[in-house]
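# Tertiary structure, described
Below, each chain spelled out in residue letters.
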Amino acid sequence: MKFINILIVCFLPLFCAAQSGQAIPTESKPFILGYIDEIQSVVLAEKRILNIYLPEGYQPADTTRYAVVYLLDGSQDEDFIHVVGLYQFNNFSWINRVPKSIIVGIANVDRKRDFTYPTTITKDKERYKTTGKSAQFMAFLEKELQPYIEKKYKTNGSKTIIGQSLGGLLATEILLKKPTLFNQYIIISPSLWWDNGSLLAQESAIFSDTFHTSTKVYIGVGKEGLTPGDNPRVMEVDANLLADKLKASKSQYLQVHFDYLPQENHGTITHQAIFNALRLLNPEP
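## Here's the deal with the overall build of the protein
The helix and strand inventory of the protein stands at 8 helices and 9 strands. Relative to the compact-globule value of 19 Å for 285 residues, the protein shows a C-alpha radius of gyration of 20 Å, a close match. A principal-axis box enclosing the C-alpha atoms of the protein has dimensions of 60 × 45 × 40 Å. Considering the protein as a whole, with its 285 residues, one finds that 49% of them fall into the buried category. Across the protein, contacts joining residues at least 24 apart in sequence account for 73% of those joining residues at least 6 apart. Approximately 13900 Å² of the protein is accessible, and the part contributed by carbon and sulfur atoms is 54%. Looking at charge distribution, the protein has the averaged site of its 29 positive side-chain charges lying 3 Å from that of its 29 negative ones.

Here it is as structure tokens:
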């Protein structure tokens, strides 16, 4: 397995010098944010890149074990760096809002393929030709990625998934179809318009009073308006419908938080929503 440092040179003059073609002084030192790992997936028939953040104090030799956060859209040029910053900030001793966590950023190969289930809408099949393989990606998460992380790193059984847009659609599908795969779900601006909102009609064990697994759900949505496609829906309305359906569950073990962020849109919401989610899912005692 490759295991490569992610390096950031965090000194602005050096960055500017590099951009202008000047040589970076040899005495400069790299800032190590995390590591790049790889896993060969049999289910997906491809190699997947994982960006890994290990919390301060992580030592392979000691007995401390850590929660794991699985971040969809977790490439270096997507959400990995700023989400790591949110968790690191909330770990400061004077804040201490969230447990120290391992962040697993799952880099994308084809997010439309991985994050969507098959659609019945003919024009969407034509527009997005690779879509509809979320079942394979969920099998990858369950049968390959989680066992790999739990074997290689010091985990404690707490598992969070974060997904926005199509990633939010996938996180919602997992919540409804395989709810025990994670115990915390941070779902942001979910693309529930896919297949004309059919996921909103999905039955789930999570609605029953026999569901006894403690599960926390955050749903955040901004002022986002009409969705794509020939049957446009209102994203805020769909997110509200999902939250209302979950809140109507007969299970006493399901905790749901709905968060409307009118100052954010589909492109800006992720960072603020995750910050809010960490506060709502981890209230002060």
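Now that the structure has been shown, the text picks up again.
## Remarks on the packing of helix 2 (residues 80-90) against helix 8 (residues 269-281)
Running from N to C, helix 2 and helix 8 cross one another at 30 degrees; their axes reach a closest spacing of 10 Å. Comparing their axes, helix 8 and helix 2 come out roughly parallel. In the crossing of helix 2 with helix 8, the sense of the turn from one axis to the other is right-handed. Between helix 2, through His82, Val83, Leu86, Tyr87, Phe89 and Asn90, and helix 8, the contact on the second element is made entirely by Thr270, His271, Ile274, Phe275 and Leu278. Looking at side-chain class alone, the contact of helix 2 with helix 8 contains 7 nonpolar, 4 polar and no charged residues.

## Overview of the confidence of the model for the protein
Should pLDDT be low for a region, the predicted coordinates there are not to be read in detail. Scored by pLDDT, the protein comes out at a mean of 91, with 91% of its residues at no less than 70. Low pLDDT (under 50) marks residues 7-19, which in the prediction has 14 contacts with non-local residues, meaning those over four places away or in another chain.

## Notes on the pairing of strand 2 (residues 31-41)
Taken together, the 7 bridges between strand 2 and strand 3 (residues 46-53) define a ladder with antiparallel strand orientation. Along strand 3, the bridge assignment pairs Ser41 with Glu46. Where strand 2 hands over to strand 3, the hairpin turn is made up of 4 residues, of which Ala45 adopts a positive phi near 60 degrees.

## A closer look at the pattern of salt bridges
The tally for this structure, following the rule as stated, stands at 13 salt bridges. Of the charged contacts, one joins Arg113 and Asp114 as a salt bridge, the two residues approaching to 2.8 Å between their closest N and O atoms. Both residues of the pair, Arg113 and Asp114, count as buried. The shortest N-O distance in the salt bridge between Lys159 and Glu150 comes to 3.9 Å. Glu150 gets classed as partly exposed once you look at its relative accessible area, which sits at 35%. A network of salt bridges, in which partner residues are shared, links Glu46, Arg48, Arg113 and Asp114.

## Re the nonpolar core
Counting 52 residues, the largest nonpolar core has Ile149 and Leu246 as the members making the most contacts within it. Sequence-distant contacts of Ile149, defined by excluding residues within four places in its chain, comprise Leu50, Ile52, Val68, Tyr70, Val104 and Thr155. Among the nonpolar cores identified, the runner-up in size contains 22 residues, and Leu33, Tyr53, Ile186 and Ile188 belong to it.

## Here we look at helix 6 (residues 166-177)
Its 12 residues place the ends of helix 6 16 Å apart at the C-alpha level, agreeing with the 16 Å of an ideal helix rising 1.5 Å per residue. Summarising burial for helix 6: 11 of the 12 residues are buried, a large majority. Listing the buried residues of helix 6 in full gives Leu166, Gly167, Gly168, Leu169, Leu170, Ala171, Thr172, Glu173, Ile174, Leu175 and Leu176. Close packing links the buried residues of helix 6 with helix 3 (111-115), helix 5 (134-152), strand 6 (155-164), strand 7 (184-188), strand 8 (215-222) and helix 7 (235-247).

## Here we look at the side chain of Gln184
Secondary-structure assignment places Gln184 in strand 7. By relative accessible area, which is 13% here, Gln184 ends up buried. Among all residues touching Gln184, those that are not within four sequence positions of it are Lys159, Thr160, Ile161, Lys216, Leu281 and Asn282.

## Quick word on the packing of helix 5 against helix 6
Two numbers describe a pair of packed helices, the interaxial angle and the distance between the axes. One way to put it is that helix 5 packs onto helix 6 with a least axis distance of 11 Å and a crossing angle of 70 degrees. By the angle between their axes, helix 5 is roughly perpendicular relative to helix 6. Here Ser134, Phe137, Met138 and Leu141 of helix 5 come into contact with helix 6, specifically with Leu170, Glu173 and Ile174. Among the residues forming the contact of helix 5 with helix 6, the class breakdown is 5 nonpolar, 1 polar and 1 charged.

## Some thoughts on the packing of aromatic side chains
For the structure shown, the criterion picks out 10 aromatic pairs. Geometrically, the ring pair formed by Phe115 and Phe137 is edge-to-face, given 5.7 Å between the ring centres and 70 degrees between the ring planes. Placement of Phe115 in helix 3 and of Phe137 in helix 5 is noted, with a sequence separation of 22 residues between them. Seen from their ring centres, Tyr128 and Trp194 are 6.1 Å apart, and the 55 degrees between their planes marks the pair as tilted.

Analysis parameters
Residues numbered from 1 in each chain as written. Predicted model: local features only at pLDDT ≥ 70, side-chain atom pairs only at ≥ 80, totals over all residues. Heavy atoms only, no water. Helix = DSSP H or I, 4+ residues; strand = E, 2+ residues; numbered from the N terminus. Rg over C-alpha atoms; globule rule 2.2 N^0.38 Å. Buried < 20%, exposed > 50% of the residue type's maximum accessible area, 1.4 Å probe, protein only. Contact = heavy atoms within 4.5 Å. Areas by Shrake-Rupley, 256 points an atom, 1.4 Å probe, with all protein chains shown as cover. Lys, Arg positive; Asp, Glu negative; His and termini not counted. Charge placed at Lys NZ, Arg CZ, Asp CG, Glu CD. Axes fitted to C-alpha atoms, helices over the stretch in contact; angles between N-to-C directions. Parallel < 35°, antiparallel > 145°, perpendicular 65-115°, else oblique. Left-handed = near helix turned anticlockwise from the far one by under 90°. Nonpolar A, V, L, I, M, F, W, Y, C, P; charged D, E, K, R; others polar. pLDDT = per-residue confidence, 0-100. Pairing = 2+ DSSP bridges. Salt bridge = Lys/Arg side-chain N within 4 Å of Asp/Glu carboxyl O. Core = buried A, V, L, I, M, F, W, Y, C linked by side-chain atoms within 4.5 Å. Expected span 1.5 Å × (residues − 1). Phe/Tyr/Trp six-rings, centres within 6.5 Å; stacked < 30°, edge-to-face > 60°.

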